[in-house]
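# Working through the structure, step by step
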Amino acid sequence: MTTNPYLALGVRPFINCCSVRTMHGGSLMLPQVRAAVDAASRQFVNLDELMEAASKRIAELTGAESGIVTCGSAAAVALGTAACVAGNDPAKMLRLPFTDGMVNRAIIPAKQRFAYDQAVRMCGCKIVEIETRADLDEALKQPVALVVLLGKQEHLTSVRLEELASVCKPRGIPIMVDAASEHIQRPSPWLVRGADLVIYSGGKFLRGPQTSGLLLGSKRLVEAAWRNASPHQALGRPMKVSKEDVIGVLTALEYWFEERDWAAERQQWYDDLSVILQRVARQPLVHGEVIEPEGVDLVPRLRLTWDRWEYPVDGLAMRQRVLDGEPRIMLDDNSATGDSILIDPFQLQPGEAAQVGDAIAAALRDARGAAQLPVPPAPAEIAGNWELRLDFLQGSRLHRLNLEQRGHVLAGHQHSAQFEGPVSGWVSGNLVQLSLTSRYEASTICYFFDGEFRDGTMSGTAVLGAASDQNQGVVNRSQFGTGTWRASRVA
């Protein structure tokens, strides 16, 4: 038997109940994709020749005018942007991300800002937010390179794609839609409705190579995006797509459009949720509800809710309990509440639904017997002004904090270079927790300080992250690792 490569490194795999998030490994490649990638790895080809042939096959499969494989969907956002800003003009391409003298403004509706629009900004573009048609008209008074939309948030905006296309197309302004977390369709509804480019993930629902993406649409813009990509020596050179990725994505597309039994797959999702619910619902005061998909979401989910008096555990603590268990279960952090969790069945493999149900039921039984949290000890007095030094893996930052205290609860304000915002926190005896947040572009910067007050100073460990409006959970809020901190009182 082949040794499990993850266990050999001391990394425990898990059963995935939270869909296709990259942080959790995306999806599992189809058996057909694994075989195709293996076959592709055994010979050499010219990448330009391969992508030219692949583009024709992608067009046949998707109904788009053209398409290329990219090294993930965020790379497709960057390459699509580079195509709109620089085309295949070497004098512009080699200057990116420095866009002085170029048209470099990108319109994005305010409610469609997302973490990965950094891939637009990294090409030297300035984001111009709009909310209304009047905002759009005002933005168009100056040159615009492209319009970018986040597909799953488009319904939140009053200016819809058709209206944008009617105004922008006569001006020659391309529209690009990020649909990375959607199920690909033939033809893409975004292209039908007027977009010039649309992006899908190859490593999520499509179940191709995890590091792959698709850029579909206008033949001229898709070709320009490819010329900005690796192996060519331009902005996209670090975004290398392999011959194996290309063949893997083509194989996944062929399965998706030509072999997949959509009805059977959909029924399996409901069957798996039923199995989980049957096992968990044996516990008293625990309820389940199937959440039907809506909008661009096509997979049902199961919400499990419990009585907090009967089971003194919240959703994030439940997530941690089953993640620490055997088998290891990964639940979604974004949707966890004080008394519930959500389960997505898309990634479940045969037999795993029963294991998930049993693990959650066991965690609830354990929580039922646990003692209620003790009354916290009297808090230390730490109100006042502080200077806090935070040391990162490389570099450091000084913060000035003004803290107010009411019992155990802390609040206040902090400022630092390029980072200013509110402070919230908690004191229990000498134990201190502080949270610092600040908005930057499409994300909220998050610093979480955990430490101790002793001899007039505070010190401890900081957890660092950033969260978009769509993903506010603990995974994103801790994604940048940790630092150490120390704070002293100042006048």
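Residues numbered from 1 in each chain as written. Predicted model: local features only at pLDDT ≥ 70, side-chain atom pairs only at ≥ 80, totals over all residues. Heavy atoms only, no water.

## Observations regarding the overall build of the protein chain
Looking only at helices and strands, the protein chain has 15 helices and 20 strands in total. Projected onto its principal axes, the C-alpha coordinates of the protein chain cover approximately 70 × 55 × 45 Å. The buried share of the protein chain, taken over its 491 residues, is 50%. The long-range fraction of contacts in the protein chain, counting pairs at least 24 apart against all pairs at least 6 apart in sequence, stands at 60%. Summed over all atoms, the accessible surface of the protein chain reaches about 23,600 Å², with 52% contributed by carbon and sulfur. If you average the places of the 50 positive and of the 56 negative side-chain charges in the protein chain, the two averages end up 3 Å apart. (Helix = DSSP H or I, 4+ residues; strand = E, 2+ residues; numbered from the N terminus. Buried < 20%, exposed > 50% of the residue type's maximum accessible area, 1.4 Å probe, protein only. Contact = heavy atoms within 4.5 Å. Areas by Shrake-Rupley, 256 points an atom, 1.4 Å probe, with all protein chains shown as cover. Lys, Arg positive; Asp, Glu negative; His and termini not counted. Charge placed at Lys NZ, Arg CZ, Asp CG, Glu CD.)

## Some details on the environment of I360
Structurally, I360 is set in helix 14 (residues 352-368). Since its relative accessible area comes to 1%, I360 is described here as buried. Separated by 222 residues in the primary sequence, I360 and E138 place their C-alpha atoms 53 Å from one another.

## Quick word on the pairing of strand 15 (residues 409-416)
As defined by bridge partners, strand 14 (residues 396-406) adjoins strand 15 across seven bridges and the pair is classed as antiparallel. Looking at strand 15, one finds that L401 is bridged to Q414. The antiparallel hairpin formed by strand 14 and strand 15 contains two residues in its connecting segment, where G407 sits at a positive phi of about 65°. Connecting strand 15 to the antiparallel partner strand 16 (residues 419-428) that follows it, the hairpin turn spans two residues, and Q418 within it adopts a positive phi of roughly 65°. (Pairing = 2+ DSSP bridges.)

## Quick look at empty space enclosed by the protein
As enumerated under the stated definition, the model contains one cavity of 30 Å³ or more in all. By volume, the largest cavity is sized at about 50 Å³. As for the largest cavity, its lining consists of A180, E182, H183, I184, Y200, S201, F205, L206, L214 and W256. (1 Å grid on protein atoms, 1.4 Å probe; cavity = no way out; pocket = protein on both sides within 12 Å on 5 of 7 lines; lining within 4 Å. Points joined across faces, edges and corners; volume = space filled by probe spheres on them.)

## Remarks on the side chain of Q347
By secondary structure assignment, the location of Q347 is in the loop between strand 12 (340-343) and helix 14. Polar side-chain contacts of Q347 include one of 3.0 Å to the backbone oxygen of S19. Reaching out from Q347, the side chain makes a polar contact with the backbone oxygen of G26 at a distance of 2.5 Å. Beyond its immediate stretch of four places on either side in the chain, Q347 contacts N16, S19, V20, G26, S27, L28 and E352. (Polar contact = N/O pair within 3.5 Å; in protein donor to acceptor, adjacent residues only side chain to side chain.)

## So, the sheet that holds strand 8 (residues 213-217)
Pairing within the open sheet is mixed, and its seven strands lie in the order 2-8-7-6-5-3-4. Strand pairing shows two members of the sheet lacking a second neighbour, strand 2 (66-70) and strand 4 (126-130), which therefore form its edges. Across the sheet, the axes of successive neighbouring strands diverge by a mean angle of 25°, strand direction being ignored. Here strand 6 (residues 175-178) pairs with strand 7 (residues 197-201) via three bridges, running parallel. Note on strand 7: the bridge partner recorded for V177 is V198. (Axes fitted to C-alpha atoms, helices over the stretch in contact; angles between N-to-C directions.)

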